[in-house]
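What follows is the residue order along each chain.
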Amino acid sequence: MSFQNPVFIPGPTNMPEALRKAVDMPTLDHRSPLFGQILHPALAGVKKVLKSENAEIFVFPSTGTGGWETAITNTLSADDKVLAARNGMFSHRWIDMCQRHGLDVQIVETPWGEGLPADRYEEILTADTAHEIKVVLATHNETATGVKSDIAAVRRALDAAGHPALLFVDGVSSIASMDFRMDEWGVDIAVTGSQKGFMLPPGLAIVGFSPKAMQAVEAATLPRTFFDIKDMALGYSNSAYPYTPSVGLLNGLNMACGMLLDEGLENVFARHYRIAEGVRAAVRAWGLELCAVSPDVYSDSVSAIRTPDGFDANKFVSLAAEKYGVAFGTGLGEVAGKVFRIGHLGSLTDVMALSGIATAEMVMADLGLNIQLGSGVAAAQDYYRGNQASSTKAAA
Ligand SMILES: *Cc1c(COP(=O)(O)O)cnc(C)c1O
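These lines cover the structure that appears in this document, whether it is placed above or below. Please read these numbers as outputs of a predicted model, since none were measured by experiment.

### Looking at the site of the ligand
Link 1 in the chain: Every residue lining the ligand is accounted for by Thr63, Gly64, Thr65, Trp68, Phe90, Asn141, Thr143, Asp170, Val172, Ser173, Gln195 and Lys196.
Link 2 in the chain: In the model, an oxygen atom of the ligand is placed 2.7 Å from a nitrogen or oxygen of the glutamine 195 side chain.
Link 3 in the chain: Between the ligand and lysine 196, the relevant distance is 2.7 Å, taken from an oxygen atom to a side-chain nitrogen or oxygen of the residue.
Link 4 in the chain: Across the complex, the protein chains shield 90% of the 380 Å² of accessible surface that the ligand would expose by itself.
Link 5 in the chain: It is helix α3 (residues 64–75) that provides the largest number of residues to the shell around the ligand, a total of 3 residues.
Link 6 in the chain: In terms of residue class, the shell around the ligand is made up of 3 nonpolar, 7 polar and 2 charged.

### Here's the deal with the sheet that holds strand β8 (residues 189–193)
Link 1 in the chain: The mixed open sheet is built from 7 strands, whose spatial order is β1-β9-β8-β7-β4-β2-β3. Looking along the sheet, the strands with just one partner apiece sit at the ends: β1 (56–61) and β3 (104–109). The sheet shows a mean angle of 20 degrees between the axes of neighbouring strands, direction not considered.
Link 2 in the chain: Where strand β4 (residues 133–139) lies against strand β7 (residues 166–170), 5 bridges are found, and the strand directions are parallel. The partner of alanine 138 across the bridge, within β7, is valine 169.
Link 3 in the chain: Where α3 meets the sheet, it contacts β1, β7, β8 and β9 (204–209), and its direction lies at approximately 40 degrees from that of β9.

### Some points on the nonpolar core
Link 1 in the chain: Grouped together as the largest cluster of nonpolar side chains are 92 residues, with contacts concentrated most on Val59, Tyr121, Phe198 and Leu253.
Link 2 in the chain: Beyond its immediate chain neighbours, meaning those up to four positions away, leucine 253 contacts Ala42, Val46, Val59, Phe198, Leu200, Leu204 and Ile206.
Link 3 in the chain: If you look at the next biggest cluster of nonpolar residues, it comprises 33 residues, including Val279, Phe311, Phe328 and Ile357.

### Re the environment of phenylalanine 227
Link 1 in the chain: Among the structural elements, phenylalanine 227 can be located in the loop between α7 (211–219) and α8 (229–237).
Link 2 in the chain: A relative accessible area of 13% means that phenylalanine 227 is categorised as buried.
Link 3 in the chain: Along the primary structure phenylalanine 227 and alanine 213 are separated by 14 residues, whereas in three dimensions their C-alpha atoms are 15 Å apart.
Link 4 in the chain: Dropping the residues within four chain positions of it, phenylalanine 227 is found in contact with Phe60, Ser62, Gly66, Glu69, Thr70 and Asn74.

The rules behind these values
Residue positions are counted from 1 within each chain, in the order its sequence is given. At least 70 in pLDDT is required for a residue's local features to be given in this predicted model, at least 80 for side-chain atom pairs to be given and counted, and no such filter applies to totals for whole chains, interfaces and linings, which use all residues. In computing side-chain properties, one takes all heavy atoms of the structure into account and sets aside hydrogens as well as water. A molecule or strand has a residue near it when one of that residue's heavy atoms lies within 4 Å. Under this definition, polar contacts are N or O atom pairs within 3.5 Å; protein pairs additionally need one hydrogen-donor-capable and one acceptor-capable atom, and for neighbouring residues in sequence, both atoms have to be side-chain atoms. We get accessible surface area from the Shrake-Rupley algorithm with a probe of 1.4 Å; when it comes to residues, only the shown protein chains can shield them. Strands are runs of DSSP state E lasting at least two residues, helices are runs of H or I lasting at least four, and both sets are numbered from the N terminus onward. In this count, Pro and Cys sit with the nonpolar residues alongside Ala, Val, Leu, Ile, Met, Phe, Trp and Tyr, while Asp, Glu, Lys and Arg are called charged and the others, Gly among them, polar. Strand pairing follows a simple DSSP-based rule, namely that at least 2 bridges must link the two strands. Simply put, an axis is a line fit to the C-alpha atoms, just over the touching stretch for a helix, and the angle between two N-to-C directions goes from 0 to 180 degrees. Residues are treated as being in contact if the distance between any of their heavy atoms lies within 4.5 Å. To define a nonpolar core, start from buried Ala, Val, Leu, Ile, Met, Phe, Trp, Tyr and Cys residues and group those joined through side-chain atoms within 4.5 Å. Summary of the burial criterion: residues with accessible area below 20% of their type's maximum are buried, those above 50% are exposed, and those between are partly exposed, where the area comes from a 1.4 Å probe applied to protein chains only.

Dropping the structure here:
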């Protein structure tokens, strides 16, 4: 595997050199005032990236999965009811985690490739006149299928039903790469990690709690120790952690937020959209289909591409790695062997995306698929030439 090539997995993503350097720090005493100078700006930066005025931000040495556990264990009690749709591997795993914590999950089975059914949520919430449902779970961007869901519509469903349930959003593969509005969408807990839109190595769970979510913590009795946000909040009030923080990663997080805000969040989202559109133009030119069923659910951070019936999509991923030293994503769960994924989030430019598209063509040709070499590259080139970035500050 070559370390020169960019990766095209939907996380961990390519790291800008400046962030690699920011993470690589000499040891410093995490109980000294120096640590506060890293911690507090990093928390403030995350809050801006989440577009929130009032959220409390917590960052754990963990990953996105630990962020789910933080959300659940701090706000719920055994047998509490939660509502969730299953439309891919990540929503499935979040549901599984809830069940392992003894929660009663009402699952709305949704075809893989479709977005969250906000209308079904509304019906179910309206029927729940006793308000037994405590939390609605929503996976903003299903990384397994390349499907984005409409979180504003989920909020409208809650409001239309007049239902007080909390809204938890998994934004692990959307936050810092696709439009995300914690306050405007009334998100009560937002969950992400360091290794996707934030362009850092894996190792941090990043969560935001709304004031309403903070209130729910008082009554929640699920066991929690490592992920207890009250211990964490107490630590923060002394510019410290209840245990040893990942100082280098937090330093990187501070700088990553600075880079994102400096580029401008709207420019970051526009760059992801533009790069994704080039990839989608290539997919069309190849005559292949996305797993995502319609343009309104196309993800700007990852594309899952269906391969022809009878073709094992895993072969694509292994040959790309073995022969060309380039990493693409495999299919997960229900779509294993049926799709391969091109991750296009984080630190990426048009030029990097073109190299991934060109590699994908070589691999498909090697495997005997009916692909015209250069067809996808040309389609993406046309798109990129005609849709230049307004900002030249593309993170790279
Ligand atoms: C990557 C991902 C996760 C899991 O995050 P980890 O950091 O691997 O624990 C959860 N949800 C979504 C949507 C993801 O893309």
